Amino acid sequence: MMLTLHWLGRSQLFCKACFQTRVQPSVGPQILFRRPPAWAGKLKTVKTRHFHTPVAEAAEIFSPQNVTVKHFCKLRTDPQHRRVSQTVVLVGADIIEEVTLHPRPESPIKVHTLLHRNGFQPPPGCRADRVATVTSDVIEKIVGLRTSDGVQVVAEVDQPQYVSLTNRPSKSLQRLLVLERLQDPGNLGTLLRTAVALGWDACFLLPGCCDPFNDKALKAGRGAAFKLPMAQGAWPDLKEVVRMHEMQCYGASPDKSEADTDRHTYSEPASITQPPEAASYPLCIILGSEGQGLSKTAAAASRPLAIPMSGAMESLNVSQAGAILMFALGGRTLELYKQVGMNLQQ
């Protein structure tokens with residue numbers, strides 16, 4: 001079968017049929033892109049055979065300078081490269097198995113390339129278009145660590161798509177986590193992991209947040225970004241979601257005294273010491289950046305919410321505060337307390 005391909009130089013060809021870039025067969029297949037770059041249509045075209053069908057048989061990669069290894073490294077470090085390829089790198093057998101075997105029903109995950117150390121068996125049930133064994137030097141290059149003894153396998157998988165929350169049925173969005181200007185990927189990943197664990201419905205990322213598919217965020221979240229529906233947008237987009245679902249907005253304040261200033265139009269500041277029944281309505285919690293907290297826009301649009309503390313500690317880490325707030329206002333607080341009590345009695 002003859003297809004029109006774009007000549008990229010250095011023996012690389014870009015196929016308009018399956019949107020992949022590979023080198024010529026004599027060099028060996030290497031996946032670079034799954035979607036056509038904007039500049040693809042401007043390049044010279046040539047005729048060749050459609051040689052780059054998905055490869056299932058095993059291969060070996062010995063050099064850290066291999067094209068596939070460089071592609072993995074760029075996916076890990078460059079958000080622009082992730083946006084172009086629409087794929088991300090997962091590191092470690094546990095997270096790969098968790099993500100690929102238990103994805104969101106509406107967003108199945110495809111594994112494009114799986115690289116593992118020689119002698120290590122890939123996660124059972126994890127099927128990839130291409131599987132290759134690699135050396136320790138290659139794993140260390142991809143992971144970005146001097147020692148990677150605990151890492152046996154890495155994979156390139158589809159990046160989940162952001163969703164629209166305005167189109168969801170009203171009863172399917174009762175608890176929404178909103179993050180604003182959250183720059184630390186470890187905190188962001190931890191918050192996503194907590195939201196999944198406590199049964200929150202979705203997350204909305206406002207401008208200024210780090211990439212949730214950053215390698216550190218994926219590691220901290222244990223793949224939660226693949227399980228929790230996520231939307232992103234500006235304040236008008238969030239306000240439309242809040243209006244459509246008739247949600248009450250709460251903004252996390254650093255301490256109780258700030259909430260007590262009542263700088264908003266609410267008659268009483270919120271407190272998580274209220275009975276769990278008070279959180280039976282749709283709501284969202286807005287968490288701000290680690291250093292600056294909520295912006296003026298967020299503070300004006302939300303009711304201040306504080307965690308009572310003894311005063312011996314000035315504040316909590318944003319991921320710690322978010323976990324406490326999501327537990328307290330998750331709508332299942334009484335049920336969770338009962339489960340804890342039953343476990344203690346056993």
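Residue positions are given per chain, counted from 1 along the sequence in the order it is written. In keeping with the predicted nature of the model, local features appear solely for residues at pLDDT of at least 70, side-chain atom pairs appear and are counted solely at 80 or more, and the whole-chain, interface and lining totals rest on all residues. Side-chain descriptors were evaluated using all non-hydrogen atoms of the structure, hydrogens and water having been removed beforehand.

### What to know about the overall build of the chain
Then step 1. Helix and strand labels come from DSSP, where a helix needs a run of H or I of at least four residues and a strand needs a run of E of at least two; each type is numbered from the N terminus. Per the secondary structure count, the chain includes eleven helices and 16 strands.
Then step 2. Contacts were defined at the residue level, with two residues in contact if any of their heavy atoms lie within 4.5 Å. Considering only residue pairs separated by 6 or more positions, the chain has 76% of its internal contacts joining residues 24 or more positions apart.
Then step 3. The Shrake-Rupley method, run with a 1.4 Å probe sphere, supplies the accessible areas, and residue values consider only the shown protein chains as cover. Only carbon and sulfur atoms are counted for the fraction: they give 52% of the accessible area of the chain, which is about 17500 Å².

### Description of the environment of serine 253
Then step 1. With respect to the helices and strands, the residue serine 253 is situated in the loop between β13 (248–252) and α8 (256–260).
Then step 2. In the structure, serine 253 is positioned 52 residues away from leucine 305 in sequence and 5.6 Å away in space, judged by C-alpha atoms.

### A short note on the packing of helix α5 (residues 185–197) against helix α10 (residues 318–328)
Then step 1. A fitted line through C-alpha atoms represents every axis, and for helices the fit uses only the stretch in contact; the resulting angles, taken between N-to-C directions, go from 0 to 180 degrees. The interhelical angle for the contact between α5 and α10, taken along N-to-C directions, is 15°, at an axis separation of 9 Å. Judged on the interaxial angle alone, α10 and α5 are roughly parallel. In this structure, α5 meets α10 at a crossing whose hand is right-handed. Contacts between α5 and α10 pair Asn187, Thr190, Leu191, Thr194 and Ala195 from the former with Val318, Ser319, Gly322, Ala323 and Met326 from the latter.
Then step 2. Of the residues contributing to the contact of α5 with α10, the split by class is five nonpolar, five polar and no charged. Convention used here: angles under 35 degrees read as roughly parallel, angles over 145 as roughly antiparallel, angles from 65 to 115 as roughly perpendicular, and any remaining angle as oblique. Working rule for handedness: look at the near helix, and if it is turned counterclockwise from the far one by less than a right angle, call the crossing left-handed; if clockwise, right-handed. Classification used: nonpolar for Ala, Val, Leu, Ile, Met, Phe, Trp, Tyr, Cys and Pro, charged for Asp, Glu, Lys and Arg, polar for all others including Gly.

### Some words on the packing of aromatic side chains
Then step 1. Aromatic contacts are taken between Phe, Tyr and Trp rings whose centres are within 6.5 Å, Trp giving its six-membered ring; a plane angle under 30 degrees counts as stacked, one over 60 as edge-to-face, and the others as tilted. Going through the model one piece at a time under the given rule, you end up with two aromatic pairs.
Then step 2. A centroid spacing of 6.4 Å and a plane angle of 65° characterise the contact between tyrosine 162 and phenylalanine 213, whose relative ring orientation is edge-to-face. Of this pair, tyrosine 162 sits in the loop between β9 (153–158) and β10 (175–179) while phenylalanine 213 sits in the loop between β11 (202–205) and α6 (215–221), and the two are 51 residues apart along the sequence.
Then step 3. Overall, phenylalanine 213 belongs to the buried group, its relative accessible area being 2%.
Then step 4. When the ring of phenylalanine 213 is compared with that of phenylalanine 226, the centres are 6.1 Å apart and the planes differ by 75°; the resulting orientation is edge-to-face. Of this pair, phenylalanine 213 sits in the loop between β11 and α6 while phenylalanine 226 is found in the loop between α6 and β12 (230–232), placing the two residues 13 residues apart along the sequence. For the residue pair phenylalanine 213 and phenylalanine 226, the accessibility class agrees, reading buried in each case. When a residue's accessible area, from a 1.4 Å probe over protein chains only, is under 20% of the maximum for its type it is buried; when over 50% it is exposed; and in between it is partly exposed.

### Here's the deal with the confidence of the model for the chain
Then step 1. For every residue, the pLDDT score states the predictor's confidence, bounded by 0 at the bottom and 100 at the top. Confidence along the chain averages 76 in pLDDT terms, with 70% of residues attaining 70 or more.
Then step 2. Here residues 39–58 scores under 50 on pLDDT; set against residues more than four positions off or in separate chains, the count is 53 contacts.
Then step 3. Scored below 50 in pLDDT, residues 273–278 makes four contacts in the model with residues more than four places away or belonging to other chains.

### So, the pairing of β11
Then step 1. Because side chains alternate across β11, one face comprises the buried residues Ala202 and Phe204, and the other comprises Cys203 and Leu205, equally buried.
Then step 2. In this fold, β10 hands off to α5, which returns the chain to β11; that crossover is right-handed.
Then step 3. Where β11 meets β12, three bridges bridge the pair, whose relative direction is parallel. Directly across from leucine 205, in β12, lies its bridge partner glutamine 232.
Then step 4. With respect to chirality, the unit in which β11 leads through α6 into the neighbouring parallel β12 is right-handed. Orient the strands so they point away from the viewer; a crossover is then right-handed if the path from the first strand over the helix to the second runs clockwise. Any two strands with at least two DSSP-identified bridges between them are counted as paired.

### Notes on helix α3 (residues 93–101)
Then step 1. Buried within α3 we find Ile95, Ile96, Val99 and Thr100. Along the axis of α3, the buried positions cluster into a sector of 115°, meaning they face one direction only.
Then step 2. Buried residues along α3 sit in contact with β6 (87–91), β7 (111–117), β9 and α6. The directions from the helix axis to the C-beta atoms form the arc being described.

### Overview of the nonpolar core
Then step 1. Among the nonpolar cores identified, the biggest contains 46 residues, and Leu177, Leu179 and Leu188 are the most heavily contacted of them.
Then step 2. Joining through side-chain atoms within 4.5 Å is the link that ties buried Ala, Val, Leu, Ile, Met, Phe, Trp, Tyr and Cys residues into a set, and such a set is a nonpolar core. In this structure, Val178, Ala202, Phe204 and Leu238 belong to the second largest nonpolar core, which totals 18 residues.

### Things to note about the environment of serine 280
Then step 1. With respect to the element layout, serine 280 can be found in the loop between β14 (270–271) and β15 (283–287).
Then step 2. Ignoring any residue separated from it by four or fewer positions in sequence, one finds serine 280 in contact with Gln174 and Arg175.

### Details of the environment of alanine 306
Then step 1. Residue position: alanine 306 is located in strand β16 (residues 303–306).
Then step 2. Looking at alanine 306, the relative accessible area reads 0%, which means it is buried.
Then step 3. Considered as a pair, alanine 306 and leucine 325 are 19 residues apart in the sequence and their alpha carbons are 8.7 Å apart.

### Describing the pattern of salt bridges
Then step 1. Salt bridges are counted wherever a side-chain nitrogen of Lys or Arg sits within 4 Å of a carboxyl oxygen of Asp or Glu. Tallying each qualifying case throughout the model produces five salt bridges.
Then step 2. In this structure, the salt-bridge partner of arginine 82 is aspartate 211, at a minimum N-O distance of 2.7 Å. Here the residue arginine 82 occupies a position in helix α2 (residues 79–85), and aspartate 211 occupies one in the loop between β11 and α6, the gap between them amounting to 129 residues.
Then step 3. Here lysine 227 ties to glutamate 98 by a salt bridge, and the two come within 3.2 Å at their closest N and O atoms. Of this pair, lysine 227 sits in the loop between α6 and β12 while glutamate 98 sits in helix α3, placing them 129 residues apart in sequence.

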